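Each chain, letter by letter, is given below.
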Amino acid sequence: MQEAKVNSKLNLAVMFGGRSVEHEISIISALQMIKALDDSKYNVIPVYIAPDGKWYTGLKLLEKSIYPKFNSFRDIVEEVTLLPQPRLPGLRKLSKTRAEYIPIDVYFPVFHGENGEDGNLQGLFEMAEVNYTGFGLLSAALCMNKHICKMVLRSAGVPVLGGECVWKFDFINNPDAVLDQILANAELQNFPIFVKPCNRGSSVGIAKAEDRDSLLRALLNVFKYDLQALIEPFMGKMFEINIAVCGSGSDVKTSVVEIPQSDSGVLSYEDKYMRSGTKKNPDSQGMASLTRVINPQDLDPAVTEKVKQIAKTAFKALNASGNVRIDFMHDNNTGNIYLNELNALPGSLAFYLWAETTPEVLYTDLLDELIQIAINQGSQKASLERFIGFKALK
């Protein structure tokens, strides 16, 4: 792993965009985050991955207005890439005939969804042996697949909802058989039920099916975004509880909890991200703009404490690191609490939860902590033996 500088500014590559349906949400989160960074500590190098997969850097990328018409600005930003080769100094400039690099000390990915939050990019970081924030390869991949994540968490004693996971291939070949498979599940025999992509976030593609026909339509919609669909029981009387967890190894802390609000009872993509992003008010602040009750005073302290304990257990079970938001559901009928999903890189990095925590953690301080965790983990990996020489081939 690359050694971080001492007593000087760190060159910090803030990476965002990506090949994901959550592309624009990543841009919002990254630009918001860059404003919160301490410029006395970091030289920020914005790195934008366009929808076609090409990487760019340049100060123009700090202007939110360019992205809807980005093709008009490609000539004034520089195309770069990260090569999967250890001990290179940073980002390789592709416009140069000879090898030229932009030095990078720490990579800070701010992606939501596939090809950024799911382990793919983390694999490249590992091959290049660079310092990077957030989840490692395995943890990121596990959290992106909600079905497999549930299996791991259940084995660790974490309460999760049951349900069914089905594949697009099977659905295309025999949709009636897949519908029968779903409805044969004892937990899914009563409508309504929830249908959502197995490997997506931001509530993209989520739907509530009221009968067999609407279940068919919901699956058709999900399979536009994902190869797997996750079907879960619907809890009519429930409320959502979210919490942030930060740290690495055994050093883990939790934020205050929040209860998100929605008029429909289902948090949609629009609920989460578009409420402050209308034509009249386009300056959306991502998840920070969602209607919410943070640190609710009327919530039973026992419920809050249980959520915190389960969150820590889940964080450690997945060998997580950095900052994560974990979403829970409280069943009002039974009092049971279920872990719904983990957001390895939550919208707005869930800074609004830490701002209300005692002691208060400012967004700038949270970012400092995440960068320091990345440096510490990089140092630990650098101490490992990578090659033991040729023995079997002699």
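See the structure above.
What you are looking at is a predicted structure, and each value in this text was computed from that prediction instead of being measured.

Draft legend 1. Helix H11 (residues 363-382), seen in detail. Along its 20 residues, H11 runs 29 Å from first to last C-alpha, staying within 8% of the 28 Å computed at 1.5 Å per residue. Among the residues making up H11, those that are buried are Tyr363, Leu366, Leu367, Asp368, Leu370, Ile371, Ile373, Ala374, Ile375 and Gly378.

Draft legend 2. Inspection of the sheet that holds strand S8 (residues 164-167) at higher detail. If you trace the four strands from one edge of the open sheet to the other, you get S8-S11-S9-S10, paired in antiparallel fashion. Edge positions in the sheet fall to S8 and strand S10 (207-209), since each of these pairs with one other strand and no more. Taken over all neighbouring pairs, the strand axes of this sheet differ in orientation by 30 degrees on average, direction set aside. Judged from the five bridges that link them, strand S9 (residues 193-197) and strand S11 (residues 228-233) form a sheet pairing that is antiparallel. Bridge assignment links phenylalanine 194 to a residue of S11, and that residue is glutamate 232. Where helix H6 (residues 175-184) meets the sheet, it contacts S8, S9 and S11, and its direction lies at approximately 170 degrees from that of S8. In the packing of helix H7 (residues 212-222) onto the sheet, the strands contacted are S8, S9, S10 and S11, and the crossing angle to S9 comes to about 15 degrees.

Draft legend 3. Molecular detail of unusual backbone geometry. For the bond running from phenylalanine 191 to proline 192, omega is 0 degrees, close enough to zero to count as cis. For proline 192, the position within the fold is in the loop between H6 and S9. Looking along the chain, the bond that leaves threonine 358 and enters proline 359 is cis, with omega of -5 degrees. With respect to the element layout, proline 359 can be found in the loop between helix H10 (351-354) and H11. We note that glutamate 129 has phi near 55 degrees; this positive angle belongs to a residue other than glycine. Looking at the secondary structure, you find glutamate 129 in the loop between helix H2 (120-128) and helix H3 (137-144). The phi dihedral of alanine 350 falls on the positive side, at around 55 degrees, and the residue is not glycine. In this fold, alanine 350 is placed in the loop between strand S16 (337-343) and H10. Overall, the relative accessible area of 0% leaves alanine 350 in the buried class.

Draft legend 4. The arrangement of the sheet that holds strand S15 (residues 321-331) in detail. Spatially, the five strands line up as an open sheet ordered S14-S13-S12-S15-S16, and their pairing is antiparallel. Taken across any chain shown, the strands that pair with only one partner, and hence form the sheet edges, are strand S14 (292-294) and S16. Neighbour to neighbour, the strand axes of the sheet diverge by 30 degrees on average, direction disregarded. Looking at chain direction, strand S12 (residues 238-248) and strand S13 (residues 251-260) are connected through six bridges and run antiparallel. In the sheet register, isoleucine 243 faces S13, and the bridge partner there is valine 257.

Draft legend 5. Highlighting the packing of helix H1 (residues 23-36) against H11. Relative orientation of the contacting elements H1 and H11 amounts to 100 degrees, with a least axis distance of 9 Å. Judged by the inter-axis angle, H1 sits roughly perpendicular to H11. Across from Ser29, Gln32, Met33 and Ala36 in H1, the residues of H11 making contact are Tyr363, Thr364 and Leu367. Tallied by class, the residues present in the contact of H1 with H11 amount to four nonpolar, three polar and no charged.

Draft legend 6. Examining the packing of H3 against helix H4 (residues 146-155) more closely. Where H3 contacts H4, the axes come no closer than 5 Å and their chain directions differ by 110 degrees. Judged by the angle between their axes, H3 and H4 are roughly perpendicular. Residues Leu142, Cys143 and Met144 of H3 touch H4, and the partners they reach there are Lys146, Ile148, Cys149 and Val152.

Draft legend 7. Seen up close, the side chain of glutamate 232. Inspection of the secondary structure assignment puts glutamate 232 in strand S11. By relative accessible area, which is 3% here, glutamate 232 ends up buried. A polar atom in the side chain of glutamate 232 sits 3.1 Å from the side chain of lysine 196. Residues contacting glutamate 232, with those up to four places away along its chain left out, are Lys150, Gly162, Gly163, Leu188, Ile193, Phe194, Lys196 and Asn340.

Rules used in this analysis
Residues numbered from 1 in each chain as written. Predicted model: local features only at pLDDT ≥ 70, side-chain atom pairs only at ≥ 80, totals over all residues. Heavy atoms only, no water. Helix = DSSP H or I, 4+ residues; strand = E, 2+ residues; numbered from the N terminus. Expected span 1.5 Å × (residues − 1). Buried < 20%, exposed > 50% of the residue type's maximum accessible area, 1.4 Å probe, protein only. Pairing = 2+ DSSP bridges. Axes fitted to C-alpha atoms, helices over the stretch in contact; angles between N-to-C directions. Contact = heavy atoms within 4.5 Å. Parallel < 35°, antiparallel > 145°, perpendicular 65-115°, else oblique. Nonpolar A, V, L, I, M, F, W, Y, C, P; charged D, E, K, R; others polar. Polar contact = N/O pair within 3.5 Å; in protein donor to acceptor, adjacent residues only side chain to side chain.

These figures capture arrangement, not role.
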